[in-house]
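In case you want the letters, here they are:
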Amino acid sequence: MYLTITETAEYLSLPESYIEAMIHENKIRAVHDGEQYLIYREQFNQHLAQMEKAKKQLAEYLSEPIPEDPDVKDED
């Protein structure tokens, strides 16, 4: 499904000017049909899914306990 800049701004809760700037900087893929830019909505869903997966992996990594180093000697 394709969205206009206005619909995309509402979908992402961002200002329209920011969406336009991202399109001109080629950070958001869009198609210009002669009158307006159309943005494929699934590109955001895929990105958000990847970000959630990365956050989950980072949380799992950070929750792992640090193993004790067998070479550490008690200096007391």
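Not measured: the values here are computed from a predicted model. (Residues numbered from 1 in each chain as written. Predicted model: local features only at pLDDT ≥ 70, side-chain atom pairs only at ≥ 80, totals over all residues. Heavy atoms only, no water.)

A. Seen up close, the packing of helix α1 (residues 5-12) against helix α2 (residues 16-24). As a packed pair, α1 and α2 sit with axes 9 Å apart at the nearest point and diverge in direction by 110°. It follows from the interaxial angle that α1 and α2 lie roughly perpendicular. Considering how the two elements wind past one another, α1 and α2 form a crossing that is right-handed. Facing Ile5, Thr6, Thr8, Ala9 and Leu12 of α1, the residues of α2 in contact are Glu16, Ile19, Glu20 and Ile23. (Axes fitted to C-alpha atoms, helices over the stretch in contact; angles between N-to-C directions. Helix = DSSP H or I, 4+ residues; strand = E, 2+ residues; numbered from the N terminus. Parallel < 35°, antiparallel > 145°, perpendicular 65-115°, else oblique. Left-handed = near helix turned anticlockwise from the far one by under 90°. Contact = heavy atoms within 4.5 Å.)

B. Structural detail: the sheet that holds strand β1 (residues 2-3). Strand order in this open sheet of three strands is β1-β3-β2, and the pairing throughout is antiparallel. Each edge of the open sheet is held by one strand with a lone partner, namely β1 and β2 (31-32). Looking at chain direction, β2 and strand β3 (residues 37-40) are connected through two bridges and run antiparallel. By the bridge assignment, Val31 is partnered in β3 with Leu38. (Pairing = 2+ DSSP bridges.)

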